[in-house]
Amino acid sequence: MDIFCVKKMIERNREKVLIVILSIAFSVPLIAQEMSLSSDNKLDSILSAMSIEDKVGQMTQLNVKLVLKPEKNPIQVDSQALDFILKNQRIGSFMNTIGRALTLMEWNYLQKTIRYFVEKNDLIPLLYGIDAVHGANYTMGSVIFPHQLGQAASWNEDLVFKASEITALECRASGIPWVFAPIVDLGRQPLWGQFFETYGEDVFLAERMAVASVSGLQNKDQGLNVGGCAKHYVGYGLPQNGKDRTTVHISDNILRELHIPPFKAAIDAGVMSVMIGSHDLNGLPMNVNRYLLTNVLRDELGFEGVLVTDWADIKNLHITHRVTSDYRRSILAAISAGVDMAMVPEDFIFYETLLDLVLAGEISEERINQSTRRIVDMKVKLGLFDEQDYLLNKKIGEESHQRVAYDLASESITVLKNVNHTLPLNKKLKVFVTGPAANDIRFQIGAWGRTWQGMDTIVTSESIMSIYARMKELGEIALLPGIAVDKILDVDSALNMASKAEVIVLCLSENPSTEKPADINSLTISNTQLEYFNRLHNLEIPIVVVLSQNRPRLLGDIAENASAVILAYQSGSMGGKAIADVIYGEVNPSGKLPFTYPRYEHGISTYDHAYADEVDPMYGTNGFNPEWEFGHGLSYSEFTYSNLSLGRDSVFKDDTLIVLVELENKGSRTGKEVVQVYISDEVASLVPSVKRLRDFKKIELDKNQSKLVTFHIDVHDLGFVHPGEASKYVESGWFTLSVGDLSARFFVRH
Ligand code: BGC
């Protein structure tokens with residue numbers, strides 16, 4: 001039966017349900033007191049009270065939009081639809097695509113209404129899942145943090161932890177216990193539209209950030225934790241053609257060496273759920289890949305939580321991927337491969353067919369019990385069987401939360417170029433601020449703002465500062481955008497105003513977008529912006545370029561001729577303030593690139609490339625020539641490195657290598673430096689990377705202060721995965737370690 005038939009049935013069977021009563025705050029009775037314990041026995045008793053219909057329902061996740069009256073503001077639940085769905089589909093979860101952010105009152109009303117009907121239908125509490133990927137973005141008034149790419153650029157795990165904790169708190173205030181974050185796919189293909197949602201190209205950085213994020217989201221200390229979801233398992237970030245949800249080719253050993261470890265890190269940190277990617281990997285759609293979903297994820301990595309599909313992906317097995325001929329076969333294949341919960345999210349056929357498959361004996365009840373148990377266990381762990389007091393918590397967008405958003409934005413902002421100390425700007429200079437992102441906060445927030453794609457985000461009622469708004473507080477500013485991203489506005493007036501300034505701050509961007517709508521065919525920044533830069537450059541006034549971008553867009557003349565370039569990523573609700581504060585030196589920048597910034601359209605490469613990738617057409621070694629390297633980022637302080645020493649110059653493969661290096665701040669102000677340790681395997685039986693990040697620490701030093709920084713590196717981790725093997729193996733031989741401009745060699749023995 002499809003959704004339209006069901007809607008008709010609802011119309012025919014209209015019961016009288018008093019929605020008005022529900023919208024008034026009522027006390028939510030405790031759902032089955034005896035269910036509040038989290039012991040195995042309790043879990044058993046919950047499960048034994050469930051019918052097979054209830055269990056199949058637990059594996060079903062529908063879009064909450066199905067039970068909302070269209071376009072209502074404030075939101076209105078279609079109580080007949082909700083009651084009907086709960087009665088007939090027995091669902092375990094709703095996911096959120098409402099199309100806009102809700103106020104706290106609306107959230108409160110929605111969650112209480114759902115809970116009332118859940119109880120009325122003798123169901124266990126639902127898991128409400130949402131894409132709170134950089135803050136509780138679908139709650140009006142919440143703080144929005146930089147997107148993950150910016151978070152990674154801060155190289156500050158403490159701040160990422162705190163931001164995740166706040167996300168959990170603000171989601172819980174909205175009655176939401178489950179977020180579809182973090183993304184632990186690697187960002188190694190900048191054309192891909194979800195590149196900005198990753199922690200960048202490096203596996204080590206992604207692992208560390210994944211742990212910080214999962215630990216923050218799920219931190220029980222604050223009692224308002226949410227379940228995290230590591231996504232999109234696995235290799236999703238490397239589509240061959242750069243387009244979302246397309247074919248990925250990754251060899252088994254590279255999968256294990258680069259792409260699986262961030263999932264492993266999230267699992268070791270206790271992540272409660274994992275989302276399966278929508279792609280096919282080496283020809284097999286992930287949703288039917290029993291080997292990766294069960295043998296590797298469960299048996300090898302030890303994942304015990306809930307494995308959920310992405311949007312409509314079981315249906316996509318026959319519709320898009322064409323590996324099955326109909327929905328029934330798709331469901332059979334996906335459940336057999338290991339899927340626990342299907343993000344259906346808008347048909348009723350999944351539930352009915354899965355139930356039928358079980359009743360027909362094609363899927364065993366035991367298999368259904370496995371998944372149901374994991375889902376119910378997650379609900380118990382999240383306290384969903386307890387009274388939902390947090391619905392009354394109104395800690396949204398508090399000062400202390402804004403402060404973390406500001407700190408994270410400040411530490412993410414990466415100064416890529418700064419000729420002759422153009423930055424920080426002297427506050428007495430006459431500045432002309434221009435470009436599409438100068439006074440438009442949508443470019444700071446990006447996609448997953450108050451709406452999915454972000455460009456249609458309405459944030460005017462909120463007190464989020466643009467770059468211009470904050471600059472105006474600090475200096476002598478004139479403003480005219482001059483252009484939109486792809487459209488000339490009033491360039492002549494802008495040029496006229498610019499000619500009277502001593503410095504131009506040009507704020508460029510790309511229109512926020514994500515997933516399929518973010519598919520692009522070229523990485524080059526829009527022509528309109530390029531031409532506008534060139535016309536401003538003709539005025540021979542220094543130009544500071546600020547980039548609020550989803551991914552590296554090729555800059556051409558801009559990179560060459562700008563006096564300074566600041567990469568701000570999508571910096572969130574405090575981003576405008578943070579950017580302006582970096583420009584004027586209120587903040588000493590400390591962000592470092594979490595990816596390699598390409599120079600050429602087809603010259604995309606990562607920092608951990610092979611030596612052969614460096615060979616140029618003249619057989620020299622200039623073949624790797626990005627605009628800016630991974631790990632690059634300038635400070636207003638001058639940091640120097642000295643006295644690099646290794647505990648020993650010869651180690652065994654089970655040893656820990658101790659690295660000591662002295663860092664000094666020779667600048668005139670306090671600053672933070674990310675000390676990055678890279679190691680190169682000089683010769684190996686499989687082509688080695690020219691270097692790999694093996695550790696880092698972010699250190700703050702006052703002017704003239706120095707500090708001895710210590711690292712402990714497990715020699716075992718320096719190995720690589722041989723084809724056909726499951727884990728890393730370190731070969732004997734010489735390795736070179738480098739920190740800053742220093743290097744030292746050591747030998748690994750067996
Ligand atoms: C995206 C996921 C997201 C899901 C739910 C999908 O299309 O790929 O990242 O969590 O939608 O909104």
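Please refer to the structure higher up on the page.
S.K.: Help me out: how do you make sense of the packing of helix α19 (residues 467-474) against helix α23 (residues 575-583) in this one?
M.R.: Between α19 and α23, the shortest axis-to-axis distance is 7 Å and the interhelical angle comes to 45°. Here α19 lies oblique to α23, going by the angle between them. Like other packed secondary-structure pairs, α19 and α23 cross with a definite hand, here right-handed. For the pair formed by α19 and α23, the contact residues are I467, R470, M471 and L474 on the first element and G576, K577, I579, A580, D581 and I583 on the second. Partitioning the contact of α19 with α23 into residue classes produces six nonpolar, one polar and three charged.

S.K.: I'm lost on the layout of surface pockets in this one. Help?
M.R.: Counted as a void, the largest pocket has a volume near 640 Å³. Taken together, 27 residues make up the lining of the largest pocket; nearest its centre are E207, E257, P261, D717 and K728. Mapped by element, the contributors of at least two residues to the lining of the largest pocket are α9 (203-217), α10 (252-259), α11 (261-268), β23 (692-701) and β24 (706-714). For the lining of the largest pocket, the leading source of residues is α9, giving five residues. Of the residues contributing to the lining of the largest pocket, the split by class is eleven nonpolar, three polar and 13 charged.

S.K.: Even after reading the chapter, I still don't get the site of the ligand, so can you show me in this structure?
M.R.: Within the structure, the ligand sits among M95, D131, F180, Q194, K231, H232, R245, M275, D310, M343 and E515. Taking D131, its side chain carries an N or O atom lying 2.4 Å from an oxygen atom of the ligand. Contact distances for the ligand include 2.9 Å between an oxygen atom and a side-chain N or O atom of K231. In isolation the ligand has 310 Å² of accessible area, and contact with the protein removes 97% of it.

S.K.: Could you clarify how one ought to interpret the sheet that holds strand β22 (residues 671-681) in this entry?
M.R.: Hydrogen bonds along the backbone pair up the strands of a sheet, which may run parallel or antiparallel. Taken together, the five strands give an open sheet; going across it, the order is β20-β28-β27-β22-β23, and neighbouring strands pair in mixed fashion. Lying at the two open borders of the sheet, with one neighbouring strand each, are β20 (650-652) and β23. Across this sheet, the average inter-strand angle for adjacent strands is 25°, counted without regard to direction. Here seven bridges tie strand β27 (residues 733-739) to strand β28 (residues 742-749), and the two strands are oriented antiparallel to one another. Paired with F735 across the two strands is F746, which belongs to β28.

Thresholds applied
Residues numbered from 1 in each chain as written. Predicted model: local features only at pLDDT ≥ 70, side-chain atom pairs only at ≥ 80, totals over all residues. Heavy atoms only, no water. Axes fitted to C-alpha atoms, helices over the stretch in contact; angles between N-to-C directions. Helix = DSSP H or I, 4+ residues; strand = E, 2+ residues; numbered from the N terminus. Parallel < 35°, antiparallel > 145°, perpendicular 65-115°, else oblique. Left-handed = near helix turned anticlockwise from the far one by under 90°. Contact = heavy atoms within 4.5 Å. Nonpolar A, V, L, I, M, F, W, Y, C, P; charged D, E, K, R; others polar. 1 Å grid on protein atoms, 1.4 Å probe; cavity = no way out; pocket = protein on both sides within 12 Å on 5 of 7 lines; lining within 4 Å. Points joined across faces, edges and corners; volume = space filled by probe spheres on them. Near = heavy atom within 4 Å. Polar contact = N/O pair within 3.5 Å; in protein donor to acceptor, adjacent residues only side chain to side chain. Areas by Shrake-Rupley, 256 points an atom, 1.4 Å probe, with all protein chains shown as cover. Pairing = 2+ DSSP bridges.

All quantities given are derived from atomic positions and should not be read as evidence of function.
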